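Structure at a glance
Residues per chain are reported as follows:
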Amino acid sequence: MKQIIYSFCLLFMLGLTGTLQAQTQNSMTEVIPFKTIDGKIIVEVIVNGEPADFVLDLAGHNALLPEAVKRLHINTKKNGSFKSYDDFVFKKVPVENVYEIETLAIGNNTFSNNLPAFILKEEPYLRKLGVEGILNSSLFRSSVLTIDLKRKKLTITQPYRPSYIKLNYRSDFDIVTGLGAVCPISIQGKSVSFVLDTWNENIINLTEKDFNEWSISHTKGTPQKVSDGYKEASYEEESLLLPETMFVKTKIENALAVRNPFLKRSVLGKGILEQGIISIDYIHQKIYFQPFDFAPIPESEAKVTEVKIENGKMNPITRQFFLEHIFDYRTGNDFVYNGDKPVVIDFWATWCGPCMRLLPKMEELAEKYKGKVMFYKVNADKEKDLCKHFGIQALPTLFFIPVGGKPIVEVGATPEKYVQIIEEQLLK
C-alpha cells in the first residue's frame, strides 16, 4: 500500500512539474532595450511607420506633444475618444484634443491600431527629455510586460511571464478605468493598494487628502521633490517614513510616502523599480516582483531581440527594413530595388484565412529557392503605412521583385502561379 501511495505521489509531482514548465513556455518573447534620462524610462516606438522616443508611464495615457502631430502623420480630421473620460485619470495634466494613432508598435511583435492619444499642452520638460510623447499600458493588454531597470530592458512575452520570474513571487492586481494596474503593498502588516506609476519617483506618492490621513500615524521624513504632471520635479513636499514595507514578498528598505498635490489618485511610484524586477501579466491580472539577481536569467531571455534574416525562411520584416533594404519610397523616385538577390514579399494578416493557408506553401517555396531568392512577409495590420503607400487593399498581396526592377504584384493565394513567376521573371 505504501508503495502505491509513493508511486501516486511521484506521478503527481511529475505531472505538477510538467504543468509548471508548460506555464512558462511562451509563444513570443522579445527583449527590448530602453534608456533612462533624468530617471525616466525612454523607449523607442514606431508611430504610423515613424520611429519616435516616448516616456513609459503606466499611470498615464498615450499622449503626444503638439509638434509630433505633423511628424508622426496624425490625422487631425479624425477625432479620437477615450469614451469614459476626457482628461488624464490619475494625475493633473493639461490636454487639448484627442486624435487617433493609426498604428503604434514596439519591437517586432507588439502593436495596436487606432489608439486614441491626448494632445498635450506646453510641456517643455518632455522636450528637454527629447521625447515625442507618453506611452501607457494599452499596448501590452494582451501580453506580460517585464521591466528590469537595472539592466535597462523591457521583456514582452505571451502568454506567460519569463521563465526566470518565480511563480510564488506574485500577487493579484485590478485594472481600473484608465487602464491603471492597482497593486497591493503591505505597510506594518496592513495591505493598501495603489495604481502603478512609472513616472513619479519614490515608493509611494500620496494625494493631499491621503497624506493628511497618513500623517496621523507615520513619522515625517526628509522633504522630496515631486512633479506637477509632466513638468520637471522641482516642488519640495513633505514625506513620511514607512516601516515594515513589503511589496509582494520583497522587503523595501527606507521606504517613503511623499505628498504630491498634483495627483488625482495616490500611486505606487517608480522607486519600486529600483528594488527589483517587476512583471505585469495583463492577461491573467497577476503582478510578479523579485529582487535583482534573485534568479539567473537564461541567455535566450537576456539578449536584446534582433531581426534575423535567414536564407530559406519566410522572414518577417518591418517598414523600416523595407526602406533600408528594398526601396525608400520617401525619396519620391521611381521604384528601383536596391538588393543583390530577387525577393518575394507576402503581405498578410492573422485574420485572413487564405493568408494563413498560404504561409506553409510560402515556407516550402522559401526552402526550394534557398540561396537564389529571399522571402519576406509583412504583417499588414502592423505596417499600415507601407500598405497604404502601395495601395494594398486585398490580402494576400505578393510582390515579386527582380534585382534592379519593380514589383510584379499578384493578389490571391495561387502558389502554382508564383513558381512560374519566380522561374520566368526572377531567375531568368
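Fair warning: this is a prediction, and the values are worked out from it, not measured in the lab. Throughout, a residue's number is its position along its own chain's written sequence, starting from 1. Selection of residues for local features in this predicted model requires a pLDDT of at least 70, selection of side-chain atom pairs for listing and counting requires 80 or more, and totals for whole chains, interfaces and linings are taken over all residues. The side-chain quantities take in all heavy atoms of the structure and omit both hydrogens and water.

**A few points about the packing of aromatic side chains**
Each aromatic ring pair is specified by the distance between its two centres and by the angle formed by the two planes. Note the threshold: Planes of paired rings set the category: under 30 degrees apart is stacked, over 60 is edge-to-face and the rest tilted, where pairs are Phe, Tyr or Trp rings (Trp by its six-membered ring) whose centres lie within 6.5 Å. A run of H or I in DSSP becomes a helix once it reaches four residues, and a run of E becomes a strand once it reaches two; helices and strands are each numbered from the N terminus. Whether a residue is buried, partly exposed or exposed follows from its accessible area with a 1.4 Å probe, protein chains only, as a fraction of its type maximum: under 20%, in between, or over 50%, in that order. Lysine NZ or arginine CZ positioned within 6 Å of the ring centre and within 35 degrees of the ring normal marks a charge as sitting over the ring.
If you walk through the whole model with that rule in mind, you get 20 aromatic pairs. Look at F321 and Y376: their rings are 5.4 Å apart centre to centre, the planes differ by 65°, and that puts the pair in the edge-to-face class. With F321 in helix α5 (residues 319-325) and Y376 in strand β27 (residues 374-379), the pair connects residues that are 55 residues apart, well separated along the chain. The exposure classification of F321 matches that of Y376, with both residues buried. Site record: aromatic cluster; members linked through ring pairs are F82, Y85, F88, F118, Y125, W199 and Y230. The aromatic ring of W199 is capped on one face by K40, whose charged end is 4.2 Å from the ring centroid. Across from the ring centre of Y169, 5.7 Å away, lies the NZ or CZ of K249, which sits over that ring.

**Here we look at the side chain of D346**
How we decide: Counting rule for charge: Lys and Arg are taken as positive, Asp and Glu as negative, and neither His nor the chain ends is counted. A carboxyl oxygen of Asp or Glu within 4 Å of a side-chain nitrogen of Lys or Arg is what we treat as a salt bridge. Any two residues whose heavy atoms approach within 4.5 Å at even a single point are treated as in contact.
The topology assignment puts D346 in strand β26 (residues 343-348). Despite its burial, D346 remains without a salt bridge, the nearest opposite charge being carried by K377 at 7.8 Å. Ignoring anything within four residues of it in the chain, the contact list for D346 reads M314, L358, L359, M362, Y376, K377, V378, P396, T397 and L398.

**Notes on the sheet that holds strand β25 (residues 314-316)**
Applied cut-off: Think of it this way: DSSP has to see at least two bridges between two strands before they count as a pair. The convention used is that axes are lines fitted to C-alpha atoms, helices contributing only their stretch in contact, and that angles between N-to-C directions extend from 0 to 180 degrees.
A sheet is described by the order of its strands in space; here 5 strands give the open sequence β25-β27-β26-β28-β29, paired in mixed fashion. In this open sheet, the two strands that pair with only one neighbour each are β25 and β29 (408-411). Strand-to-strand twist across the sheet, computed as the mean angle between neighbouring axes with direction ignored, equals 25°. Looking at chain direction, strand β28 (residues 397-401) and β29 are connected through 4 bridges and run antiparallel. Residue pairing for β29: L398 is matched across the bridge by E410. The sheet strands contacting helix α8 (residues 415-426) are β26, β27, β28 and β29, and the helix crosses β28 at an angle near 20°.

**Some words on the sheet that holds strand β10 (residues 153-158)**
Strand order in the open sheet formed by 6 strands is β1-β10-β9-β23-β24-β11, with antiparallel pairing between adjacent strands. A strand with exactly one partner marks an edge of an open sheet, and here the two such strands are β1 (28-33) and β11 (170-172). Between one strand axis and the next, the sheet turns through 15° on average, direction left out of account. Pairing between β1 and β10: 6 bridges, direction antiparallel. Bridge assignment links T29 to a residue of β10, and that residue is T157.

**Concerning the state of the cysteines**
What counts, and what does not: Throughout, disulfides are identified as pairs of cysteine sulfur atoms within 2.5 Å of each other.
As enumerated under the stated definition, the model contains 1 disulfide in all. Two residues, C352 and C355, share a disulfide whose sulfurs are 2.4 Å apart. What sets the handedness of the C352 and C355 disulfide is the S-S torsion sign, and at about 75° it is right-handed. By the burial criterion, C352 is buried, and C355 matches it.

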